[in-house]
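Per-entry structural report
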Amino acid sequence: MKRILYTFAIGLLIVSCQKEIDVDLNEADPKVVIEANYTAEDSTVRVRVTQTTNYFDLAPAPEINNAVVTITDANGAVSNVNSIGNGSYELTNYVPAFNTTYSMSVSYNGVEYVAQCEMNPPVPLEDMTFDFYPGFFGSPEGYASNIRFFDPADTVNFYLIVLSKNGSVSDSVPNLILQDDQLTDGNLVERPLFVNPLYETGDVIGMELRSVDSRMFYYYSELQTIAGAQTSAAPANPEGNWSNDALGYFNAYSNSRKIGVVP
Amino acid sequence: MKHFVSLLFVLCLTTAFGQKFTISGSIKDASNGEDVFGAVVKVKELTNVGTTTNAYGFYSLTLEKGDYTLIYRSTGFDPQEFKVSLTEDISKNIELKVPAEVQQIEEMKVSATKENDNITSSEMSVTRFDPKSIETVPVIFGEKDVMKTLQLTPGVKTAGEGNSGFFVRGGGADQNLILLDEAPVYNASHLLGFFSVFNSDAIKDVSLYKSGIPSEFGGRASSVVDIKMRDGNNKNFGASGGIGLIASRLTLEGPIVKDKGSFIISGRRSYADLFLGLSQEDIPDNTKLFFYDLNAKANYRIGEKDRIFLSGYFGRDVFSLGDEFGTSWGNATGTLRWNHIFSQKLFSNTTIVYSNFNYGFDIGTEEEGFGISSSIQDWNLKQDFSYYLNNNNTLKFGVNAIHHTFKPGALTGGNDSFNEIVLDPRYALELGAYIQNDMKIGSRFNVMYGLRYSAFNLMGEGAAYEFNELGEVTSEQRYNNWETIQFYHGLEPRASANFIISENNSVKIGYNRNLQYLHQLSNSTTSFPTDNWVPSSNNVKPQIADQIALGYYQNLNKNMFKMSGEIYYKTLQNQIDYRNGADLFLNNEVEGELVYGQGTAYGFELLVEKKKGKFTGWISYTLSRALRQFDDINDGKQFSARQDRIHDVSIVLMYRVNKSIALSANWVYYTGDAVTFPSGGYEINGTYVPYYTERNGYRMPDYHRLDVGFTWYMKERKRFEHNLNVSIYNAYNRENAYTITFSENDNGEPVAIQTTLFKIIPSITYNFNLKNFNFKKKTN
């Protein structure tokens with residue numbers, strides 16, 4: 001809502017202008033960043049361990065290859081997630097148990113970072129539909145897809161929606177779509193997912209609905225307020241689920257997919 | 001409390017015996033019959049004896065039997081003398097005249113009394129002006145705005161470029177009590193803050209209290225902005241108005257019965273949407289973007305002792321895009337007042353106030369869309385007395401009760417996807433009682449002291465929640481209608497004292513404590529109608545502000561120049577901030593998103609002003625800090641509030657070249673806002689994300705800007721005067737930073753992007769005034 005108003009304020013009323021400027025930023029001590037995904041779809045755990053850099057550094061993030069990474073299931077069984085180089089770690093054929101909590105441990109430089117995440121079962125998508133929209137504010141006319149799925153009643157659900165067009169996946173942080181069921185619990189959820197530019201006839205649209213736990217949902221919504229030129233009055237690091245102040249997250253999730261062609 | 005009251009009365013009875021009589025009456029503007037507020041009544045033969053008129057132009061002075069010369073005076077009027085032989089109680093009404101020619105103002109009048117009330121009054125940290133005196137000050141889009149002029153005075157900082165919101169002495173934007181004819185205005189801005197809701201044409205007087213806040217005001221922690229609407233001309237009919245780039249205005253006024261009652265109706269509507277239609281082909285039909293204001297007031301005198309006033313304000317912003325999206329928000333206030341003069345010494349004012357702010361959204365088409373609405377509504381019953389005990393003591397006392405209804409939000413829809421959701425309404429009763437004495441001790445010492453008692457009762461029907469450290473609900477308890485959920489109360493002592501060193505300089509000291517039971521939730525830099533007000537509750541404690549201030553006042557060159565220097569120190573308790581990623585919208589458990597802390601503010605303010613002559617204006621400088629400390633923010637370390645602008649300078653100059661031309665300019669400079677910038681970066685999902693190490697640890701670039709204005713007063717006729725005002729905002733086209741954001745450019749390299757909101761903006765406004773129409777004369 002605020003974004004709509006904000007756009008209206010900046011875009012309509014005012015002759016505003018933007019330019020790139022030089023800002024003298026402090027150089028903070030490097031901090032450990034752990035990006036860990038456990039995907040039910042392919043039963044694979046993927047972890048990437050890096051460090052922060054100075055903001056304007058163009059060099060790639062320093063990779064950490066000598067961390068010890070393990071994942072533990074609800075029964076206490078520990079599995080190693082082994083380094084595959086380039087700061088990445090992987091464990092395949094790790095079959096999920098839905099509605100259970102997994103925990104992960106990453107040890108590096110004498111510090112152990114721990115996170116827990118619940119693996120939620122997938123929620124199936126119904127066939128998507130498309131609606132035509134006249135363009136406004138300078139963007140051309142086109143189609144937007146409507147997501148359709150039945151939200152499970154009486155449970156609190158959190159979703160991440162990822163779209164793709166003609167095989168190219170929009171999973172960067174600003175393009176992720178967040179959805180909870182605060183207003184829609186137990187209903188057929190049906191809403192347009194606007195993209196810029198809108199789709200054209202013949203585009204092949206992929207839709208992925210990820211079921212995530214509440215902590216991850218709030219992590220991503222906080223992340224979205226600081227990633228991609230957002231103007232929060234008081235930006236802060238999103239609160240991930242890692243202990244000992246490591247940045248990043250551990251996300252165990254399931255998903256469902258649908259493909260549609262714009263008529 | 002008891003001791004305090006008895007002490008008060010002992011102090012009042014310090015005058016000598018002897019036969020005393022009272023002279024009382026009202027002071028009006030001879031040209032239109034408007035009451036003159038704050039006019040001075042002095043006794044020529046006695047030093048430091050006098051009084052000022054209250055908001056209704058009433059004065060009362062009790063003197064020993066004898067012969068006196070009374071001097072009646074107010075800024076912008078010729079003083080008047082009245083010789084009186086006081087052998088009985090006397091009623092005397094005075095009409096003050098405006099000097100016949102503007103040129104006369106240039107020459108200093110050598111009058112019997114000096115215009116040094118700023119030196120002799122115990123009032124401190126008060127900024128007061130009538131919109132007329134600042135009408136040539138250049139403003140953005142040429143829309144005269146008293147709130148923006150206030151921002152050019154010391155200790156008042158703008159909420160942002162072109163914004164009508166403001167911070168007073170390190171306080172928050174929600175800590176200003178903004179009253180329009182005693183009715184609180186909850187959202188005082190139009191178009192996301194770029195215009196205030198106050199139409200200058202309808203306003204008589206604006207007073208801002210930064211410290212030494214009189215006991216009669218309560219409910220906000222940092223300041224009071226008391227705005228009084230004009231009563232309307234009770235002698236002749238008139239019409240005035242203006243046509244500007246953004247909006248047009250029209251005011252009609254006149255007598256209901258000559259010299260007995262009058263009315264005024266003033267309207268304003270913007271027409272930005274008309275330009276939109278012209279410039280953008282892509283904008284769907286049925287797109288609206290406008291705001292309007294309507295001020296109306298009537299008063300009628302029933303006999304010599306009674307007078308009633310009815311005033312109202314209605315304003316609304318409307319924005320819609322085709323049939324898909326519509327929103328509107330606005331305030332409505334109403335005030336009914338009854339003045340009664342019980343005796344020459346006791347003046348009473350009884351008021352009923354209604355205030356409402358609401359907003360609504362409609363999204364999507366009728367079958368598929370949904371709507372969101374929210375409101376806050378007050379009913380306030382007030383009784384105030386002024387008791388002119390003797391010429392050394394003026395007492396004010398009164399009580400009031402406000403009933404608040406908060407409807408934080410409701411979502412209703414035709415779409416099957418959405419469940420209807422109605423947030424619990426909340427109800428509260430806010431009570432206040434106060435007593436205050438303005439006392440003169442000898443010829444050099446004045447003291448104003450008072451005590452306010454306030455209480456706040458949050459009551460059902462509704463729910464109270466308890467939260468754990470993470471902001472998750474741990475328990476919920478339901479309450480019935482009128483059942484107390486949480487009760488708070490407290491005493492608010494206020495005092496200021498003035499020691500008059502000579503007729504040209506004085507020293508003042510003040511202390512005040514203010515309690516604030518309502519809080520506005522806003523986590524953005526812009527003013528949004530969705531910034532809800534919430535009451536104090538079992539989780540949210542009342543905000544408490546304590547402030548001490550010390551000032552030195554000096555007039556130079558026969559009161560031509562008035563100088564003041566003030567220092568203050570203020571502490572704020574129970575301040576509110578938000579958890580990361582707080583969800584303030586349609587959230588029944590919104591209190592779980594809040595964190596609590598404290599604030600400290602201190603500073604030095606310097607003001608030099610010249611109010612008479614061809615050349616008028618002021619220079620204002622503020623050196624100040626505004627700091628906050630929250631256990632849950634910045635690792636518990638103290639940090640700068642956004643408005644922690646260390647240096648703040650405003651220079652306002654107005655030059656009346658001759659009868660037909662006036663020039664003006666203002667220049668502002670302030671240290672950049674305290675902001676949070678990244679000190680590192682990392683990648684998540686292939687997106688480069690800023691890494692923050694501290695809250696508000698960086699500074700925006702310093703802000704500065706020059707505005708210039710030119711007013712041409714065209715040839716005046718007997719019943720018609722008009723002028724043309726041309727102004728240029730940001731005349732040297734400074735690209736001030738509104739925001740600085742960090743993101744990746746097209747090559748995937750991290751960059752800092754500065755957004756400038758307003759570059760050079762010229763504007764033009766035409767104003768006219770049709771006056772002195774008297775329909776009766778015509779028929780004769």
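Just so you know, these numbers come straight off a predicted model, no measurement behind them.

Procedures and definitions
- Residues numbered from 1 in each chain as written.
- Chains lettered and ligands numbered in written order.
- Predicted model: local features only at pLDDT ≥ 70, side-chain atom pairs only at ≥ 80, totals over all residues.
- Helix = DSSP H or I, 4+ residues; strand = E, 2+ residues; numbered from the N terminus.
- Buried ≥ 20, exposed ≤ 12 C-beta atoms within 10 Å, placed from the backbone.
- Contact = placed C-beta atoms within 7 Å.
- Rg over C-alpha atoms; globule rule 2.2 N^0.38 Å.
- Core = buried A, V, L, I, M, F, W, Y, C linked by C-beta atoms within 7 Å.
- Pairing = 2+ DSSP bridges.
- Axes fitted to C-alpha atoms, helices over the stretch in contact; angles between N-to-C directions.
- pLDDT = per-residue confidence, 0-100.
- Domains from an automatic or database assignment.
- Expected span 1.5 Å × (residues − 1).

Across its full length, chain A holds two helices and 16 strands. Per-residue burial over chain A gives 31% buried out of 263 residues. If you take every contact in chain A between residues at least 6 apart in sequence, the share linking residues at least 24 apart comes to 65%.

Quick look at the overall build of chain B now. Per the secondary structure count, chain B includes six helices and 51 strands. The C-alpha radius of gyration of chain B comes to 27 Å, within 12% of the 28 Å expected for a compact globule of 780 residues. Projected onto its principal axes, the C-alpha positions of chain B cover 90 × 65 × 50 Å. Scored against the burial criterion, the 780 residues of chain B give a buried share of 48%. For chain B, the proportion of contacts with a sequence separation of at least 24, taken over those separated by at least 6, is 64%.

What follows concerns the nonpolar core. Among the nonpolar cores identified, the biggest contains 60 residues, and Ile34 and Val47 of chain A are the most heavily contacted of them. Broken down by element, the residue count for this core peaks at six residues, all from helix α2 (residues 214-226) of chain A.

Moving on: the sheet that holds strand β9 (residues 129-133) of chain A. Residue and element names in this part refer to chain A. Strands sit in the order β9-β10-β14 across an open sheet of three strands; the sheet is antiparallel. Every other strand in the sheet has two partners, leaving β9 and β14 (188-193) as the edge strands with one partner each. Neighbour to neighbour, the strand axes of the sheet diverge by 25° on average, direction disregarded. The pairing of β9 with strand β10 (residues 142-150) spans five bridges and is antiparallel.

Attention now goes to the confidence of the model for chain A. The pLDDT averaged across chain A works out to 88; a share of 90% of its residues lies at or above 70. Counted against residues more than four places away or in other chains, residues 1-14 of chain A, with its pLDDT under 50, gives 21 contacts.

On to the domain arrangement of chain A, then. We note that the domain assignment places domain 1 (32-119) and domain 2 (129-232 + 255-261) within chain A. Taking the mean C-alpha position of each, domain 1 of chain A and domain 2 of chain A sit 26 Å from one another.

Before going further, it helps to spend a moment on the sheet that holds strand β1 (residues 17-21) of chain A. Pairing within the open sheet is antiparallel, and its three strands lie in the order β1(A)-β50(B)-β49(B). Each of the sheet's edge strands pairs with one partner strand only, and the pair in question is β1 of chain A together with β49 (739-744) of chain B. Averaged over all adjacent pairs, the angle separating strand axes in this sheet is 35°, with direction ignored. In this structure, β1 of chain A lies alongside strand β50 (residues 750-756) of chain B, joined through five bridges in antiparallel fashion. Of the residues in β50 of chain B, the one forming a bridge with Glu20 of chain A is Ile753 of chain B.

A word on the environment of Gln520 of chain B. All names here are of chain B. Structurally, Gln520 can be placed in strand β34 (residues 518-520). For the pair formed by Gln520 and Lys28, sequence separation is 492 residues and the distance between their alpha carbons is 39 Å. Setting aside chain neighbours within four positions, we find Gln520 in contact with Asp174, Asp531 and Trp533.

When β10 of chain A meets β14 of chain A, the two strands line up antiparallel, connected through six bridges. Within β14 of chain A, the position partnered with Ser145 of chain A by the bridge is Leu193 of chain A.

Compared with an ideal rise of 1.5 Å per residue, which puts 13 residues at 18 Å, α2 of chain A spans 19 Å between its outermost C-alpha atoms and is within 8% of the ideal. Within the sequence span of α2 of chain A, burial applies to Arg215, Met216, Tyr218, Tyr219, Tyr220, Glu222, Leu223, Gln224 and Ile226 of chain A.

All right, on to unusual backbone geometry then. Of note, the bond from Asn196 of chain A into Pro197 of chain A is cis; its omega dihedral lies within 30 degrees of zero at 0°. Mapped onto the secondary structure, Pro197 of chain A falls in the loop between β14 and β15 (204-212). In this chain, Gly460 of chain B is followed by Glu461 of chain B through a cis amide linkage whose omega measures 15°. Relative to the helices and strands, Glu461 of chain B is located in the loop between β29 (445-459) and β30 (462-467). Even without being a glycine, Trp482 of chain B presents a positive backbone phi close to 65°. Summarising the element assignment, Trp482 of chain B is placed in the loop between β31 (473-479) and β32 (484-502).

Here the focus is the environment of Gly565 of chain B. Residues and elements named next belong to chain B. Position of Gly565 relative to the elements: it lies in strand β37 (residues 561-578). Accessibility expressed as a C-beta count within 10 Å gives 16 for Gly565, which makes it partly exposed. With 58 residues separating them in the primary sequence, Gly565 and Val507 have C-alpha atoms 9.7 Å apart.

Turning our attention to the environment of Thr756 of chain B. Residue and element names in this part refer to chain B. On the secondary structure map, Thr756 appears in strand β50. Classification of Thr756 by C-beta neighbours within 10 Å gives buried; the count is 20. Each C-alpha atom, one on Thr756 and one on Glu161, is 9.2 Å from the other, the two residues being 595 residues apart in sequence.

Attention now goes to the pairing of strand β38 (residues 594-610) of chain B. Residues and elements named next belong to chain B. Bridge analysis of β37 against β38 gives 16 bridges, and the strand direction is antiparallel. Its bridge partner lying in β38, Gln575 is registered against Gly597. For β38 and strand β39 (residues 615-630), the ladder comprises 14 bridges, and the chain directions are antiparallel. When the sheet's bridge partners are listed, Phe604 is paired in β39 with Leu623. Linking two consecutive strands that pair antiparallel, namely β38 and β39, is a turn of four residues; a positive phi of about 100° is found at Gly613 within it.

Further remarks concern the confidence of the model for chain B. All names here are of chain B. Predicted confidence across chain B gives a mean pLDDT of 86, with 91% of residues reaching 70 or more. The model gives residues 12-16 a pLDDT under 50, and that stretch makes five contacts with residues more than four places away or in other chains. Across residues 102-113 the pLDDT falls below 50, and counting only partners more than four positions away or on other chains, this stretch makes 17 contacts in the model.

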